[in-house]
Amino acid sequence: MKFIIAIIKPFRLDEVREALTSLGIAGMTVTEVKGFGRQKGQTEIYRGAEYTTNMVPKLKLEIAVSDDIAPQVVETIQAAANTDSIGDGKIFVFDLAAATRIRTGETGDTAL
């Protein structure tokens, strides 16, 4: 099993979710996060005053998948989240040692 973490722009969530649903991905966890990278922050106006923030709002998607579908999930996220501009995000893939469904006690791929 693989654990995929994707950091994306917030307005791309619907496209990514729809693309993953078409692959048969049944669920994911979405968290609002802030961070920075090459984008280096942004300038905003608050109550008429301009200020620069070095933390940019993003969404973190966490998805557990079986080994055989993981490359396809990464490609799908990359295609759906891509805007061809700086700050599109990153995708990380980790080995997932175990998964257990709390309600039924199923483990491994069947718990996903």
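Structure shown above.
Cut-off values and rules
- Residues numbered from 1 in each chain as written.
- Predicted model: local features only at pLDDT ≥ 70, side-chain atom pairs only at ≥ 80, totals over all residues.
- Heavy atoms only, no water.
- Helix = DSSP H or I, 4+ residues; strand = E, 2+ residues; numbered from the N terminus.
- Buried < 20%, exposed > 50% of the residue type's maximum accessible area, 1.4 Å probe, protein only.
- Contact = heavy atoms within 4.5 Å.
- Areas by Shrake-Rupley, 256 points an atom, 1.4 Å probe, with all protein chains shown as cover.
- Core = buried A, V, L, I, M, F, W, Y, C linked by side-chain atoms within 4.5 Å.
- Salt bridge = Lys/Arg side-chain N within 4 Å of Asp/Glu carboxyl O.
- Axes fitted to C-alpha atoms, helices over the stretch in contact; angles between N-to-C directions.
- Parallel < 35°, antiparallel > 145°, perpendicular 65-115°, else oblique.
- Left-handed = near helix turned anticlockwise from the far one by under 90°.
- Nonpolar A, V, L, I, M, F, W, Y, C, P; charged D, E, K, R; others polar.
- Pairing = 2+ DSSP bridges.

A. Broad picture of the overall build of the protein. When you go through the protein residue by residue, the secondary structure sums to two helices and six strands. Listing the helices and strands of the protein from first to last along the sequence gives β-α-β-β-β-β-α-β. The buried share of the protein, taken over its 112 residues, is 28%. Sequence separation of at least 24 residues holds for 72% of the intrachain contacts in the protein that already meet a minimum separation of 6. Per element, the accessible surface of the protein, about 7400 Å² overall, is 51% carbon and sulfur.

B. Looking closely at the nonpolar core. Core analysis: the largest hydrophobic core is formed by 17 residues, its most contacted members being Ile8, Val16, Leu20, Ile25, Val65, Val73 and Ile77. Looking at this core, the elements that each hand over two or more residues are strand S1 (2–8), helix H1 (13–23), strand S5 (56–65) and helix H2 (70–81). The greatest single-element share of this core, amounting to five residues, is contributed by H2. In this view, Leu20 contacts Ile25, Met28, Ile63, Val73, Thr76 and Ile77; residues no more than four positions away in its chain are not counted.

C. Just the pattern of salt bridges, in detail. Using the criterion set out here, one finds six salt bridges in the structure. For the salt bridge of Asp95 with Lys2, the shortest nitrogen-to-oxygen distance reads 2.4 Å. Of this pair, Asp95 sits in strand S6 (residues 89–95) while Lys2 sits in strand S1, and the two are 93 residues apart along the sequence. Here Asp95 falls in the exposed class, since its relative accessible area comes to 63%. Of the residues examined, Lys2 reaches a relative accessible area of 21% and is grouped as partly exposed.

D. A look at the packing of H1 against H2. Interaxial distance between H1 and H2 falls to 8 Å at its minimum, and their mutual angle equals 150 degrees. On the basis of the axis angle, H1 is roughly antiparallel to H2. The two elements H1 and H2 cross, and the hand of that crossing is right-handed. Contacts between H1 and H2 pair Glu15, Val16, Ala19, Leu20 and Leu23 from the former with Gln72, Val73, Thr76, Ile77, Ala80 and Ala81 from the latter. Across the contact of H1 with H2, the residue classes tally to eight nonpolar, two polar and one charged.

E. Main features of unusual backbone geometry. Of note, the phi angle at Asp84 is positive, near 60 degrees, even though the residue is not glycine. Mapped onto the secondary structure, Asp84 falls in the loop between H2 and S6.

F. Representation of the sheet that holds S1 in the model. Within the open sheet, the four strands sit side by side as S2-S5-S1-S6. Their pairing is antiparallel. Strands at the two margins of the open sheet, each flanked by one partner only, are strand S2 (29–35) and S6. Each neighbouring strand pair of the sheet contributes to a mean axis angle of 20 degrees, computed without reference to strand direction. Across the face of the sheet, H1 comes into contact with S1, S2 and S5 while running at roughly 10 degrees to S5.

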